[in-house]
Amino acid sequence: MTAARGFPAFPRRRAGARFATTWWGGAWLQALEDTSLDQTLLQQGRAYAKSGQLGPITVSPGRLAAVAEHEHDAVVRVEQLSDAAWDRFLDQVAAKAGHIAALLDRDMPHDLVRAAEAAGVPLLPGVGDLEPECSCPDWACRHTAALCYQASWLLDADPFVLLLLRGRGERELIEALRLRDAPPAPRPARAGAPAREAFARGVPPLPEPPPLDVAYTPLGLEPAPGVDVAALELLAASAASRARDLLTRGHLPVLTEHQDLVRLSAAFGLDLGLDAEAAAWRHGGAAGLEALETAWTPARQDLARARAMLETALETALETVGEGEPPAEVETARNRWTIGDLQLRYGRDGRWYPFERRGDAWWPAGPPERDPAALLG
Ligand SMILES: [Zn+2]
């Protein structure tokens, strides 16, 4: 599966700040500006992009997303390339040694894009290829326009963001290229070789990360005064497990301090008064914690889809309960559906997070499911 990439929110920028300083960033904005002929809206989008109000951006295959004020979800969809198109694209990249090197240096060669286009692989979007969608009431809104403008900054810094939007992450592309043609006999790389030379000589596969449960023997030294050995051991174990995650997945999610505390509580059973949070984390990680702590309003079409799924699930549940049972009363509030002592919360990842009533509070009741029927049994 291709991993999404998260980018921190852009801080406020001065009014004169420019968008798109690279040619491909410029082409991206051209697609936006050619599609939306509403100059006022584009102007509002530019101003909003520089205002520091748009939240962190998530880039995933076919999708750019950020949260705007009042928790409005701004999403821009881009069509993904087919597997066959990716094959043709990789052919074009492999056809010229400099292409991989340029990409690794965060440059997008003109002739690569032209060659790909000639091979029927449109990397850069054209008119109408950026599909905005926002949960705010405006039909065409400044939030999605701002998101497109900010995306041009991301693209400027890293053309792999464009490739990820089109469906493939950097790691899988590099791996596919590496498998495609093994380079001739590698020579030893000298220290400080540029990425292009090192890559041209071939990158050996990385060894498997070590297993997590390697026993270690403490040295039996007296701890220095003021050192909390238990805390230090916990942090070392946590660092080791994060390092292992990084090696196996190639990236680590960026956590806030609060999320990290919850993660540690969940992993090591710390007594920090975060029991519900830790339970949510164990069931669903950061998304589970978000389901516990934040209510949000899904976009109209997502809401309709979620409602339809839940109604089907309830009908199925009713059939298995049998005659004589009254139909369940469902209360809805934003992304939360309450059925008696069960509450299902629809996550931003399209999964359903179950909660159960405990006194006045809702408690995480289990891992999330794609199909709410699995939670109504
Ligand atoms: Zn909006």
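Residues numbered from 1 in each chain as written. Predicted model: local features only at pLDDT ≥ 70, side-chain atom pairs only at ≥ 80, totals over all residues. Heavy atoms only, no water.

Draft legend 1. Broad picture of the packing of helix H3 (residues 83–94) against helix H8 (residues 170–180). Packing of H3 against H8 brings their axes to within 11 Å, and their N-to-C directions diverge by 65 degrees. Taken together, the axes of H3 and H8 lie roughly perpendicular to each other. As for how H3 packs across H8, the hand of that crossing is right-handed. Residues Trp86, Asp87, Leu90, Asp91, Val93 and Ala94 of H3 pack against Leu173, Ala176, Leu177 and Arg180 of H8. For the contact of H3 with H8, a count of residues per class yields seven nonpolar, no polar and three charged. (Axes fitted to C-alpha atoms, helices over the stretch in contact; angles between N-to-C directions. Helix = DSSP H or I, 4+ residues; strand = E, 2+ residues; numbered from the N terminus. Parallel < 35°, antiparallel > 145°, perpendicular 65-115°, else oblique. Left-handed = near helix turned anticlockwise from the far one by under 90°. Contact = heavy atoms within 4.5 Å. Nonpolar A, V, L, I, M, F, W, Y, C, P; charged D, E, K, R; others polar.)

Draft legend 2. Region of the structure containing the coordination of the zinc ion. Donor atoms from the polypeptide that coordinate the zinc ion comprise Cys134 (SG), Cys136 (SG), Cys141 (SG) and His143 (ND1), at 2.1 to 2.4 Å from the metal. Each of the four donor atoms bound to the zinc ion contributes to angles spanning 106 to 112 degrees, and the resulting shape is tetrahedral. Overall, Cys141 belongs to the buried group, its relative accessible area being 4%. (Donors = N, O, S within 2.8 Å, 3.2 Å for Na, K, Ca; no water. Tetrahedral: all angles 85-135°; square planar, octahedral: opposite > 155°, others 65-115°. Buried < 20%, exposed > 50% of the residue type's maximum accessible area, 1.4 Å probe, protein only.)

Draft legend 3. Representation of the sheet that holds strand E10 (residues 361–364) within the structure. The five strands lie next to each other as E6-E7-E8-E9-E10, forming an open sheet whose pairing is antiparallel. Edge positions in the sheet fall to strand E6 (331–333) and E10, since each has one partner strand and no second. Strand-to-strand, the axes of this sheet are offset by a mean angle of 30 degrees, without reference to chain direction. Across the sheet, helix H12 (residues 275–293) is in contact with strand E7 (336–339), strand E8 (342–346), strand E9 (352–358) and E10; its angle to E10 comes to roughly 95 degrees. (Pairing = 2+ DSSP bridges.)

Draft legend 4. Here's a closer look at the confidence of the model for the protein chain. In this model, the protein chain carries an average pLDDT of 85, and 87% of its residues clear a pLDDT of 70 or more. Counting interchain partners and residues more than four positions distant, the pLDDT-below-50 stretch residues 184–189 has four contacts. (pLDDT = per-residue confidence, 0-100.)

Draft legend 5. Representation of the nonpolar core within the structure. Membership of the largest hydrophobic core comes to 57 residues, with the highest contact counts inside it found for Trp28, Ile57, Val59, Leu64, Phe89, Leu130 and Leu147. A total of eight residues in this core trace back to one element, the largest contributor, which is helix H6 (residues 142–157). When sequence neighbours within four positions are dropped, the list of residues in contact with Ile57 reads Arg5, Gly6, Phe7, Phe10, Leu64, Ala65, Ala66, Leu147, Gln150 and Leu154. (Core = buried A, V, L, I, M, F, W, Y, C linked by side-chain atoms within 4.5 Å.)

Draft legend 6. Local environment of the pattern of salt bridges. Inspection of every chain in the model, using the stated rule, returns 17 salt bridges. In this structure, Arg106 and Glu170 form a salt bridge, with 3.2 Å as the shortest nitrogen-oxygen distance. Residue Arg106 is located in the loop between helix H4 (97–104) and helix H5 (110–118), and its partner Glu170 is located in helix H8; the two are separated by 64 residues in the primary sequence. On the accessibility criterion, Arg106 (30% relative accessible area) is partly exposed. With a closest N to O distance of 2.9 Å, Arg357 and Asp341 form a salt bridge. Within this pair, whereas Arg357 is found in strand E9, its partner Asp341 is found in the loop between E7 and E8, the two being separated by 16 residues in sequence. For Arg357, a relative accessible area of 40% corresponds to the partly exposed category. Each of Arg5, Arg106, Asp158 and Glu170 takes part in a single network of salt bridges with overlapping partners. (Salt bridge = Lys/Arg side-chain N within 4 Å of Asp/Glu carboxyl O.)

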